[in-house]
Amino acid sequence: MIHKYSPENERRWNRGEHQVQLNIPGQTRPMGYCDGTQEDEDELREIAESEDVEDLPIDKRFLKTGRQVWTIGHPPTDEGWDEDA
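Residues numbered from 1 in each chain as written. Predicted model: local features only at pLDDT ≥ 70, side-chain atom pairs only at ≥ 80, totals over all residues. Heavy atoms only, no water.

S.K.: Would you take a moment to explain the overall build of the protein chain for this structure?
M.R.: When helices and strands are counted, the protein chain shows two helices and five strands. In the protein chain, which comprises 85 residues, the proportion classed as buried is 29%. Relative to all contacts within the protein chain whose residues are 6 or more apart in sequence, the contacts with residues 24 or more apart total 47%. Surface accessibility of the protein chain: about 6,300 Å² in total, with carbon and sulfur atoms responsible for 45%. Charge separation in the protein chain, taken as the distance between the mean sites of 10 positive and 21 negative side-chain charges, equals 13 Å. (Helix = DSSP H or I, 4+ residues; strand = E, 2+ residues; numbered from the N terminus. Buried < 20%, exposed > 50% of the residue type's maximum accessible area, 1.4 Å probe, protein only. Contact = heavy atoms within 4.5 Å. Areas by Shrake-Rupley, 256 points an atom, 1.4 Å probe, with all protein chains shown as cover. Lys, Arg positive; Asp, Glu negative; His and termini not counted. Charge placed at Lys NZ, Arg CZ, Asp CG, Glu CD.)

S.K.: Would you explain the pattern of salt bridges in this entry?
M.R.: Oppositely charged side chains may form a pair once their charged atoms are brought near each other. If you walk through the whole model with that rule in mind, you get six salt bridges. Here Arg12 makes a salt bridge to Glu17, at a shortest N to O gap of 3.1 Å. (Salt bridge = Lys/Arg side-chain N within 4 Å of Asp/Glu carboxyl O.)

S.K.: Explanation requested: the sheet that holds strand E2 (residues 20-23) in the structure shown.
M.R.: Neighbouring strands of a sheet are bound in pairs by backbone hydrogen bonds; such pairs are parallel or else antiparallel. Here five strands make up an open sheet; going across it, the order is E1-E3-E2-E5-E4 and the pairing mixed. Because the sheet does not close on itself, it has two edges, and the strands there are strand E1 (3-4) and strand E4 (58-62). As defined by bridge partners, E4 adjoins strand E5 (residues 68-72) across five bridges and the pair is classed as antiparallel. Looking at E5, one finds that Lys60 is bridged to Trp70. Strands in contact with helix H2 (residues 38-50) are E2, strand E3 (32-34), E4 and E5; relative to E4, the strand with the most contacts, it is inclined by about 145°. (Pairing = 2+ DSSP bridges. Axes fitted to C-alpha atoms, helices over the stretch in contact; angles between N-to-C directions.)

S.K.: Explanation requested: the layout of surface pockets in the structure shown.
M.R.: To find leftover empty space, one rolls a probe the size of a water molecule over the atoms. There is about 330 Å³ of room inside the largest pocket. Along the walls of the largest pocket sit 16 residues, with Ile24, Met31, Ile47, Glu51 and Ile72 positioned nearest its centre. If you tally residues by element for the lining of the largest pocket, the top one is H2, at four residues. A per-class count over the lining of the largest pocket returns ten nonpolar, two polar and four charged. (1 Å grid on protein atoms, 1.4 Å probe; cavity = no way out; pocket = protein on both sides within 12 Å on 5 of 7 lines; lining within 4 Å. Points joined across faces, edges and corners; volume = space filled by probe spheres on them. Nonpolar A, V, L, I, M, F, W, Y, C, P; charged D, E, K, R; others polar.)

Printed below as a string of structure tokens:
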């Protein structure tokens, strides 16, 4: 089950109660937390499909504590960035 970010869920992550932190590239605050099961991954893909995202990359980083950090989605592009401005 995906638990959306909240101060309470962040405290649970800090205490080790959640096994996976879900991040989105370019965002400083986590999207949420989960236990890292196949059902969690399937739920993330269902959410992406409901938002018309067909290819959802999930980069999994394993921490020394045994927990994981998943980065979900493509990094933001610099489209529209004007270096001369």
